[in-house]
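Structure assessment
Now for the letters of each chain:
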Amino acid sequence: MSLEQKVNEGIKAAMLAKNEPELRGLRAIKAAVLLAKTSEGGNGTLTEADETKLLQKLVKQRKDSLEIFRQQKREDLAKKEEEEILVIEKFLPRQMDEKELREVLSAIIRETGASSPADMGRVMGVATKQLAGKADGKAI
């Protein structure tokens, strides 16, 4: 089942359950999917990788907003962002924890032969490709 189908099913269930936070998050995903499919250069379909990137982008936007709302002492708005993050993350693959990430990055550093901070670009290139969808770019 595609992301769009899962989201549509979720919207129906959230409407029946009158679950406002879930409904808000699902509608945000649906809007982003429709926008991506109909955007200039889009071919009307999204691959699984495209869907994952889209979901990660939505989570990142909400985390950035969450941070701003907390700085401004707007807990009411921060709570809404947190709720939406939880809904969107249900559709993302499991993220690696810090220990797993360190192990994978150590292996990549050995593979690339990096020995100084000057080699960071080479390591990051390989790491971002290998860990796409599995870890946040900031964490990498």
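Below is a summary of the structure that appears in this document. (Residues numbered from 1 in each chain as written. Predicted model: local features only at pLDDT ≥ 70, side-chain atom pairs only at ≥ 80, totals over all residues. Heavy atoms only, no water.)

1. Regarding the pattern of salt bridges
The tally for this structure, following the rule as stated, stands at 12 salt bridges. Of the charged contacts, one joins R70 and E75 as a salt bridge, the two residues approaching to 3.9 Å between their closest N and O atoms. Relative accessible area serves as the criterion here: at 37%, R70 is assigned to the partly exposed category. A network of salt bridges, in which partner residues are shared, links R24, R62, K79, E83 and E84. (Salt bridge = Lys/Arg side-chain N within 4 Å of Asp/Glu carboxyl O. Buried < 20%, exposed > 50% of the residue type's maximum accessible area, 1.4 Å probe, protein only.)

2. A word on helix α2 (residues 20-38)
End to end, α2 covers 27 Å across 19 residues, agreeing with the expected 27 Å (1.5 Å per residue, within 8%). Turning to α2, its buried residues number three or more, namely E22, L23, G25, L26, A28, I29, A32 and V33. At its buried positions, α2 is contacted by α1 (3-17), α3 (48-71) and α4 (75-89). (Helix = DSSP H or I, 4+ residues; strand = E, 2+ residues; numbered from the N terminus. Expected span 1.5 Å × (residues − 1). Contact = heavy atoms within 4.5 Å.)

3. Brief notes about the packing of α2 against α3
For the pair α2 and α3, interaxial distance at closest approach is 10 Å and the crossing angle is 130°. Classified by the interaxial angle, the pair formed by α2 and α3 is oblique. For the element pair α2 and α3, the recorded crossing hand is right-handed. From α2, A28, I29, A32, V33 and A36 reach across to α3, where they touch L54, L55, L58 and R62. In the contact of α2 with α3, the residues fall into eight nonpolar, no polar and one charged. (Axes fitted to C-alpha atoms, helices over the stretch in contact; angles between N-to-C directions. Parallel < 35°, antiparallel > 145°, perpendicular 65-115°, else oblique. Left-handed = near helix turned anticlockwise from the far one by under 90°. Nonpolar A, V, L, I, M, F, W, Y, C, P; charged D, E, K, R; others polar.)

4. So, the environment of R110
Mapped onto the fold, R110 is located in helix α5 (residues 98-112). The exposed category is assigned to R110, whose relative accessible area is 62%. Between the alpha carbons of R110 and V123 there is a distance of 9.5 Å; along the sequence they are 13 residues apart.

5. Concerning the packing of α3 against α4
Packing of α3 against α4 leaves a shortest axis separation of 9 Å and a crossing angle of 160°. Classified by the angle their axes make, α3 and α4 are roughly antiparallel. When you trace α3 past α4, the crossing you get is left-handed. Between α3 and α4, the contacting residues are L55, L58, V59, R62, K63, S65, L66, F69 and R70 on the first element and E75, L77, A78, E81, E82, E84, I85, I88 and E89 on the second. Looking at the contact of α3 with α4 residue by residue, the classes come out as nine nonpolar, one polar and eight charged.

6. What about unusual backbone geometry?
At K18, a position not held by glycine, the phi torsion is positive, near 55°. When you line up the elements, K18 lands in the loop between α1 and α2. The backbone phi angle of K73 is positive, close to 60°, even though this residue is not glycine. Along the chain, K73 turns up in the loop between α3 and α4. Overall, the relative accessible area of 70% leaves K73 in the exposed class.

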